[in-house]
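# Structure at a glance
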Amino acid sequence: MSPAALPNAATSPPSTPGRDRVKRPRGPVVVDVEGTSLTGVERARLQHPLVGGVIIFARNFESRSQLKKLCREIRSLRKPRLLICVDHEGGRVQRFLKGFTKIPPMRDLGRQWDEDVLGACQRATELGRTIGIELREVGIDLSFTPVLDLDWSESSVIGDRAFHSDPRVVAMLARCLNHGLLLGGMGNCGKHFPGHGFAGGDSHLEVPVDDRALDAILADDAAPYHWLGETLLSVMPAHVIYPKVDAQPAGFSRRWLQEVLRERLGFKGLIFSDDLTMEGASMAGDIVARADAALGAGCDMVLVCNRPDLADDLLARLQWKRPKGFDKRLGALFRD
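In this report, the structure presented in the accompanying data block is examined. (Residues numbered from 1 in each chain as written. Predicted model: local features only at pLDDT ≥ 70, side-chain atom pairs only at ≥ 80, totals over all residues. Heavy atoms only, no water.)

### With respect to the environment of Gly331
So the rule is basically this: Under the DSSP-based scheme used, a helix requires at least four consecutive residues in state H or I and a strand at least two consecutive residues in state E, with every element numbered from the N terminus.
Looking at where Gly331 falls in the secondary structure, it is placed in helix 11 (residues 326-331). Sequence separation between Gly331 and Gly197 is 134 residues, and the spatial gap between their C-alpha atoms is 30 Å.

Here you go:
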């Protein structure tokens, strides 16, 4: 059943914070909203049992006060409340600008490291704290950062979003950034496992391929995920195929997510899929097949962005059984 088909979905009044909250456990689907306030259809969609989070984009932002009001309304809809997320890394991936500190691309920190290691670490912590404080003040729970991809100078979609080409430097700067995020009251999400920096294609537009062997990837690109250990609270896999490891993209691969990430690297946190509407996910089939593939491989939550029609289709047809430990892993991302 689509949100529009729910009783009074299009005409129901905005929720009042603290009143009439729907009580139900969070589900595995992260959806978005169209504008700067919620419509009746969107309020109904966000109350669907399969929804567990909302991702915010630049189109949802006019001012700090408006964004805070939007997040307050989202929070008021359910108990326990939905996770509110954003891509707010810095550089060219910073959704909110007016009224927020301009965060430099992470490559700037890598360059500073080459000249001043301690200064770069201090700056990374300061930037993480700034991101955390400013987003928490308006009601955002999680920024999908840090980018742990290596700067191989191959991927234009990664580019200056990467800290450095040396996995040791990436791990140390990411650890400092994560510390700052936690000081600011925010968790973290390492992406894009096991690494998108070597593959030249843009997974928004195609299915990139990285033909290196598993040992090479583990020694370089995936190494930060192991070194960061329990300081990494969540991970987002890449829509990249590594054919010498698995024919499926990492986000649809039990070998990558279960055998490598969970078992070999010991990751215990929450796994988000990357956006299932991206071209890099298309090989799995329609939106339900994509979600089934991601969840079956080991993702805890799946993102469906910029396509409310596909979100509604998924919510109407997805069959999901709550996995063991899901609520604990998701709960670790809430800092209040």
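### Brief notes about helix 9 (residues 287-297)
The criterion, for reference: Only protein chains enter the accessibility calculation, which uses a 1.4 Å probe. A residue is then buried if its area is under 20% of the maximum for its type, exposed if over 50%, and partly exposed in between. The criterion used for residue contact is that any of the two residues' heavy atoms lie within 4.5 Å. The term polar contact refers here to a pair of N or O atoms within 3.5 Å; inside protein, the definition further demands a hydrogen-donor-capable atom paired with an acceptor-capable atom, and it admits residues adjacent in sequence only when both atoms are side-chain atoms.
Along helix 9, the residues that are buried comprise Ile287, Val288, Arg290, Ala291, Ala294, Leu295 and Ala297. Here the buried face of helix 9 lies against helix 8 (254-264), strand 13 (270-275), strand 14 (301-303) and helix 10 (308-317). One side-chain oxygen at the N-terminal end of helix 9 lies 3.2 Å from the backbone nitrogen of Val288; it belongs to Asp286. Once helix 9 finishes, Gly298 follows within two positions and takes phi at roughly 135°, a positive value.

### Quick look at the packing of helix 3 (residues 107-115) against helix 4 (residues 117-138)
Condition: Under this scheme, a helix contributes an axis fitted over its contacting stretch, all axes are lines through C-alpha atoms, and angles between N-to-C directions fall in the 0 to 180 degree range. Working rule for angles: under 35 degrees goes down as roughly parallel, over 145 as roughly antiparallel, 65 to 115 as roughly perpendicular, anything else as oblique. In the scheme used here, Gly and all other residues not listed as nonpolar or charged are polar, with Ala, Val, Leu, Ile, Met, Phe, Trp, Tyr, Cys and Pro taken as nonpolar and Asp, Glu, Lys and Arg as charged.
Packing of helix 3 against helix 4 leaves a shortest axis separation of 6 Å and a crossing angle of 155°. In this view, helix 3 runs roughly antiparallel relative to helix 4, as classed from their interaxial angle. In this structure, helix 3 contributes Leu109, Gln112, Trp113 and Glu115 to the contact, and helix 4 contributes Val117, Gly119, Ala120, Cys121, Arg123, Ala124 and Leu127. Class assignment for the residues of the contact of helix 3 with helix 4 results in 7 nonpolar, 2 polar and 2 charged.

### Focus on the nonpolar core
In globular proteins that are soluble, nonpolar side chains generally tend to be buried together. Note the cut-off: In this description, a nonpolar core means a group of buried Ala, Val, Leu, Ile, Met, Phe, Trp, Tyr and Cys residues linked to one another through side-chain atoms lying within 4.5 Å.
Residues Leu46, Ile140 and Phe193 are the most contacted members of the largest nonpolar core, which totals 81 residues. Leaving out residues up to four positions away in the same chain, Phe193 has contacts with Ala222, Tyr225, Val235, Met236, Pro237, Ala238, Ala250, Trp256, Leu257, Val260, Leu261 and Leu265. Grouped together as the second largest cluster of nonpolar side chains are 19 residues, Val30, Cys189, Met301 and Leu303 included.

### Some thoughts on unusual backbone geometry
Geometrically, the link from Lys79 to Pro80 is a cis peptide bond, its omega value of 0° lying close to zero. Summarising the element assignment, Pro80 is placed in the loop between strand 4 (78-79) and strand 5 (83-86). Residue Phe193 is joined to Pro194 through a cis peptide bond whose omega torsion reads -5°. Despite not being glycine, Asn306 has its phi angle at roughly 65°, a positive value. Relative to the elements of secondary structure, Asn306 occurs in the loop between strand 14 and helix 10. By relative accessible area, which is 42% here, Asn306 ends up partly exposed.

### A few points about helix 4
Cut-off, in case you're wondering: Take the residue count of a helix, subtract one, and multiply by 1.5 Å to get its expected span.
Given a rise of 1.5 Å per residue, 22 residues ought to cover 32 Å, and the 33 Å separating the end C-alpha atoms of helix 4 matches this to within 8%. All of the buried residues along helix 4 are Gly119, Ala120, Cys121, Ala124, Thr125, Leu127, Gly128, Ile131, Gly132, Glu134, Leu135 and Val138. Elements in contact with the buried residues of helix 4: helix 2 (64-76), strand 5, strand 6 (88-90), helix 3, strand 8 (142-143) and helix 5 (167-183). Where helix 4 ends, the next residue or the one after it, Gly139, has phi of about 105°, a positive value.

### Thoughts on the packing of aromatic side chains
The condition that has to hold: The criterion for an aromatic pair is that two Phe, Tyr or Trp rings (for Trp, the six-membered ring) have centres within 6.5 Å, with stacked assigned to planes under 30 degrees apart, edge-to-face to planes over 60 apart and tilted to the rest.
Following the criterion strictly, the structure yields 9 aromatic pairs and no others. For the ring pair Trp320 and Phe326, a centre distance of 5.2 Å and an interplane angle of 70° mean the geometry is edge-to-face. Judged by relative accessible area, Trp320 falls into the partly exposed class, the value being 22%. In textbook terms, an aromatic cluster arises when at least three aromatic residues are bridged by ring pairs, as seen for Phe193, Tyr225, Tyr242 and Trp256.

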